[in-house]
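# Chains, contacts and geometry: an overview
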Amino acid sequence: MDVDSFVIGNFIYLTLKNAVPLILASSGEAVSERAGVINLGVEGSMLVGALTGVITTLITGNVWLGFLAGGLAGLALALLHGLISVLFGGNQIVSGLAIAMIGGGITALVGRAYVGRSLFGLRPPPIYPYEVPGPDHLKPILSSVLKQDIMVFISIVIPLLITYMLFRTKLGSAIRACGENPVIAESLGVNVITTRLVAVGLGGFLSGLGGAYLSLGVVGSWVENLTAGMGWIAVGLVPLAMWIPSRTLLTSYLMAALISTSYMLQGRIGVSSYFLVMIPYITTVVMLSIVSIERFKVRLGAPSALGKPYIREERLG
Amino acid sequence: MNDVEVNKSLFLNAHNLSRPTIPLLRVKGISKRFGNVIALDDVSLDIYDGEIHALLGENGAGKTTLANILYGIYQPDSGYIELSGRKIKLGTPQDAISYGIVLVQQYPMLIDKMTVAENLALSIKDLGYLSSVRKIYGLIREISIKYDISLEPEMIVSNLSFSEKQYVELLRALILNAKILILDEPTTMLTTYERRKLFVILRKLIDEGRAVVLITHKVSEALEVSDRITVLRRGAVVSSRPKSEYDYNELVKLIMGSNVNDVTPVKYIHRQRSAPPEDVLVIKELNVANDIGLIAVRNVSLSVKAGEIVGIAGVSGNGQKELAEAIVGLRRVRSGRIVLSGVDVTNKEPYERIKNGLAYIPEDRLKYGIVGEMSVAENFILKNYKAFSKLLFINMRKVMDFASKNIDLYHIVTRSPLERAKVLSGGNIQKLIVSRELGLNTKVVLAHNPTLGLDIASAKLVHNELLNVRDRGAGILLISEDLDEVIKLSDRILVMYRGSIVYDVSRDKLSIGDIEKAMLGLLNA
């Protein structure tokens, strides 16, 4: 395959776009896990966000309301996870898996009426709607950046803001304290239940927003199981980013580059397209296995109380 | 601050007590039961501002229960509390804080991975959730300078020493504007130097008109620092007077009551041997990493002979934990060798070491010493259950007999051998562990802080058992943060600092001053 500026431009364009849902979902999940709550329901929140985004945009004709509604839908589903695992102290893994399945089930059912409905004219507009300047051979590369919509840029700002929140503010300290040792956090004056719910909710909102971007910004319509495992990849990227939201930018762009490559190679080289599509998932599994080794986990800075429910103890007497 | 200054200010502050009329805090007729156990029985005492008030008693005397009631963690069954003559209700710690009563926990309750400022920020109600933690840096520096505490707000808590973590707790109390500070056994893990420095800070606090309640089981400490002493025994106040009216022996009698015979001191006899016995534990150039992969034990070489106690003194966090875990086999060794009775057990399973006669009295008794959910009887036979088994079955009758015998022998207080081990008190759990570990065919004993948090009687029993097993010919490696204990028991004393053995002296040549300097890294080797 010939590599020319058109191919490069296409690659950059796809990578920047594909990274958005990953960035949003994994930086949101990083916040949730920093508070000690692992949310495997990201996939579900993304699906719900994607469908709600499509429906809202079709009804209101406003894609920004679609994004907002998508985020709120993701938030609602994540709060169900919060209800079970934080408020009732249930098992986070079981609850998260259930949330992922509920999200898949509901959207398959409700979304049937919306499959293939075109969002023509309702896509987020590019930030530079004019003719791209510059010499012809550079135009594809320039337009791969300039023709992106504003969400691509917002998705870069959000992890930076969250990182500031997490590591510089009192709220961030409270969230991390809940993830390190909820008993001590409580004794220092943190309301662990509320703080964890806030973190899970924020994670859910960003997952929903990422899902909405997938339907409204990337694909441009709704199909069943639109995310196709994006949510799981996002969960896998969190340990790789060492639970630091700003680093999810790096991991997400790497993963998105891999995804774009596997798209672009389909039909162009003599490898089954099924195998090519598998590559991002295999990569996630391999990387997760490596970072799951206990020694690495400690060194990467995994929150000590990750996955452990906190139940306020009734005192003796 | 140097030693001389520390001493001077302590003496200058030996107050002449002129009693103000209304106490700052008055506890009146407080009783508290837990099930059938009476923890506090009609306790009354007055706490005055400008005084350090020692709450003295054995473990289980009710000191901590009383502190928890004052901090709003427990509610009393009867009785009341008055602050400056006004009745108050302390339903939660937040209530207590709002009245200016703050408890400084025995083990600092801080998030290790966060900075000093981040930890403190969590307790400051006035700081908005989205405001930057940096806003309180100035406040922290200001208070640190005022009390001569060397802490910076951006220090990570896990890098702090135990006493520095305690200072963070003190800072927290001061930021919360505490009028009454309750300190629960604050000196357990401190060196003499650190302890004196803490007392100087406490003096400063009361000079500002605050009150300090010092919970302790050490008579000498109560006499050293307090202005007034209240003695608790079995949940009741047996005496509450100014310090000047007590002497050491009277206090010991008051604390122990009818058990006073239990405190006849252990006879720490150090034997002279003629022929040099063989080494039972040899450690050669050992390097061990900590949880985050940094070297925590650096080129440590040592040996323990049969019939000898080798003590390792040192401030907590200088590699003792990693060294102990490496010897027991709970932590991998980077390089070096561990030889038990001539058998190289480096990086072998713990089982191999137990087989070669290693007994272990762990620092964290609940986590590594017992299985809390199993019965006392089962815990007795964890290591040699095979002796009680036929084929696949354990002969429970034999186990029960064995357990009952040991419970009597070691005066373990439990309702029944079938009681879950975790409900026992700390002292009784330690007796259980000691009897199990030292009863076996023991050649080497690794004892890590074996009397941490124990009362006098239990500590004495542990010391006696260690000396007995030494006399039977076992070699003992005693790792302890309690310098007195190391000096009392050891034939040879080593000091560990930043992962290395920096000092090594036999008992007839020891100088306590040098040991303390070595512990703080001030000795030029």
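Residues numbered from 1 in each chain as written. Chains lettered and ligands numbered in written order. Predicted model: local features only at pLDDT ≥ 70, side-chain atom pairs only at ≥ 80, totals over all residues. Heavy atoms only, no water.

## Considerations on the overall build of chain A
This is how the line gets drawn: In this description a helix means any DSSP run of H or I spanning at least four residues, a strand means any run of E spanning at least two, and both kinds are numbered starting from the N terminus. In this treatment the radius of gyration is a C-alpha quantity, and the globule benchmark scales as 2.2 Å times the residue count to the 0.38 power. When accessible area is computed with a 1.4 Å probe and restricted to protein chains, residues below 20% of their type maximum are described as buried, those above 50% as exposed, and intermediate ones as partly exposed. Methods summary: accessible areas were calculated by the Shrake-Rupley approach with a probe of 1.4 Å, and residue burial reflects only the protein chains presented. The charge count treats Lys and Arg as positive and Asp and Glu as negative. His and the chain ends do not count. Taken as the charge location is NZ of Lys, CZ of Arg, CG of Asp or CD of Glu.
Counting secondary structure elements, chain A contains 13 helices and zero strands. Here the C-alpha atoms of chain A give a radius of gyration of 20 Å, agreeing with the 20 Å that 2.2 N^0.38 yields for 317 residues. Its C-alpha atoms give chain A principal-axis dimensions of about 80 × 45 × 40 Å. Each of the 317 residues in chain A was classed as buried or not, and the buried ones make up 53%. Within the structure as shown, chain A displays about 13600 Å² of accessible surface, and the carbon and sulfur contribution to it stands at 69%. Measuring between centres, the 19 positive side-chain charges of chain A sit 5 Å from its 14 negative side-chain charges.

## Some words on the interface of chain A and chain B
Applied cut-off: Should any heavy atoms of two residues lie within 4.5 Å, those residues are considered in contact. Once two parts are put together, the accessible area they lose, assessed with a 1.4 Å probe and summed over both, is termed the buried area. Salt bridges are counted wherever a side-chain nitrogen of Lys or Arg sits within 4 Å of a carboxyl oxygen of Asp or Glu. Pairs of N or O atoms are called polar contacts if they sit within 3.5 Å, as long as, within protein, a hydrogen donor faces a hydrogen acceptor (for residues adjacent in sequence, only side-chain-to-side-chain pairs). In the scheme used here, Gly and all other residues not listed as nonpolar or charged are polar, with Ala, Val, Leu, Ile, Met, Phe, Trp, Tyr, Cys and Pro taken as nonpolar and Asp, Glu, Lys and Arg as charged.
Contacts between the two partners involve 29 residues from chain A and, on the opposite side, 29 residues from chain B. Summed over both sides, the interface of chain A with chain B buries roughly 2400 Å², with 60% coming from carbon and sulfur. Our count for the chain A to chain B interface comes out at two salt bridges. In this structure, A:Arg176 and B:Glu118 form a salt bridge, with 2.6 Å as the shortest nitrogen-oxygen distance. The interface formed by chain A and chain B holds eleven residue pairs in polar contact (both at pLDDT 80 or more) in total. The biggest single contributor to the side of chain A that touches chain B is helix H7 (residues 170-180) of chain A, with seven residues. Residues of the side of chain A that touches chain B, tallied by class, amount to 15 nonpolar, eight polar and six charged.

## Remarks on the side chain of B:Asp46
Residues and elements named next belong to chain B. As for its placement among the helices and strands, Asp-46 is situated in strand S2 (residues 37-47). When its relative accessible area of 18% is taken as the criterion, Asp-46 is described as buried. Of note is the side chain of Asp-46, whose polar atom sits 3.0 Å from the side chain of Arg-26.

## Examining the pattern of salt bridges
A side chain with one charge can pair with a side chain of the opposite charge if their charged atoms come near. Residue and element names in this part refer to chain B. The full count for this structure, using the stated rule, is 28 salt bridges over all chains. A salt bridge links Glu-185 to Lys-63; the shortest N-O distance between them is 3.3 Å. One end of the pair, Glu-185, is in the loop between strand S7 (180-184) and helix H7 (192-207); the other, Lys-63, is in helix H2 (residues 63-70), with 122 residues separating them in the sequence. When its relative accessible area of 8% is taken as the criterion, Glu-185 is described as buried. What makes Lys-63 buried here is its relative accessible area of 4%. Here Arg-141 and Glu-154 are joined by a salt bridge, their closest N and O atoms 3.5 Å apart.

## Details of the pairing of strand S11 (residues 279-289) of chain B
Residue and element names in this part refer to chain B. For clarity, the cut-off: Paired strands, in this sense, are two strands between which DSSP finds at least two bridges.
With eight of eleven residues buried, S11 is to be regarded as a mostly interior element. Counting the residues between successive antiparallel strands, the hairpin from S11 to strand S12 (residues 295-305) contains five residues, one of them, Gly-293, with a positive phi of roughly 85°. Strand direction decides the pairing type here: S11 and strand S14 (residues 335-340), joined by five bridges, are antiparallel. From the neighbouring strand, Asn-287 faces S14, where its bridge partner is Ser-335.

## Considerations on the sheet that holds S2(B)
All names here are of chain B. The line we're drawing: Orientation is described by lines fitted to C-alpha atoms, with helices fitted over the stretch in contact, and by angles between N-to-C directions that extend from 0 to 180 degrees.
Taken in spatial order, the four strands of this open sheet run S2-S1-S4-S5, and their pairing is antiparallel. Strands at the two margins of the open sheet, each flanked by one partner only, are S2 and strand S5 (86-88). For this sheet, the mean inter-axis angle between neighbouring strands, taken without regard to orientation, is 30°.

## Looking at helix H10 (residues 320-328) of chain B
Given 3.6 residues to a turn, an α-helix orients residues that are three or four positions apart in the same direction. All names here are of chain B. For H10, a buried count of eight out of nine residues is recorded, marking the element as mostly surrounded by other parts of the structure. Along H10, the positions that sit buried rather than exposed are Gln-320, Glu-322, Leu-323, Ala-324, Glu-325, Ala-326, Ile-327 and Val-328. After H10 finishes, the residue Gly-329 shows a positive phi value of roughly 100°.

## So, the packing of helix H3 (residues 63-87) of chain A against helix H9 (residues 192-219) of chain A
In a packed pair of helices, the relevant descriptors are the angle between the two axes and the axis-to-axis distance. All names here are of chain A. Test applied: Throughout this description, any angle smaller than 35 degrees is read as roughly parallel, any larger than 145 degrees as roughly antiparallel, any in the 65 to 115 degree range as roughly perpendicular, and the remainder as oblique. For a crossing to be left-handed, the near helix must be turned anticlockwise from the far one by less than a right angle; the clockwise case is right-handed.
Across the interface, H3 lies against H9 with an axial gap of 6 Å and an inter-helix angle of 140°. In terms of orientation, H3 and H9 fall into the oblique class. Here the hand of the crossing between H3 and H9 comes out right-handed. Each residue belonging to the contact of H3 with H9 can be placed in one class, and the counts come to 19 nonpolar, nine polar and one charged.

## A few points about the side chain of B:Ser144
Residues and elements named next belong to chain B. Within the element layout of this structure, Ser-144 appears in helix H5 (residues 137-146). Residue classification places Ser-144 among the buried positions, given a relative accessible area of 2%. A distance of 2.7 Å separates the side chain of Ser-144 from the backbone oxygen of Ile-140, its partner in a polar contact. Sequence-distant contacts of Ser-144, that is, excluding residues within four places in its chain, are made with Ile-149, Leu-151 and Leu-171.

## Regarding the confidence of the model for chain B
All names here are of chain B. Test applied: Confidence of the predictor at the level of single residues is captured by pLDDT, which takes values from 0 to 100.
Chain-level statistics for chain B give a pLDDT mean of 87 and a share of 92% at 70 or above. Predicted confidence in chain B is weakest over helix H1 (residues 3-12), with a mean pLDDT of 44, and strongest over helix H4 (residues 116-121), with 96. Across residues 1-17, confidence stays below pLDDT 50; counting only partners more than four residues off in sequence or on other chains, it has 24 contacts.

## Topic: the environment of B:Pro362
Residue and element names in this part refer to chain B. Following the sequence through the fold, Pro-362 ends up in the loop between strand S16 (358-361) and helix H12 (365-369). Owing to a relative accessible area of 1%, Pro-362 belongs among the buried residues under this scheme. Along the chain, Pro-362 and Asn-287 lie 75 residues apart, while their C-alpha atoms are 21 Å from each other.

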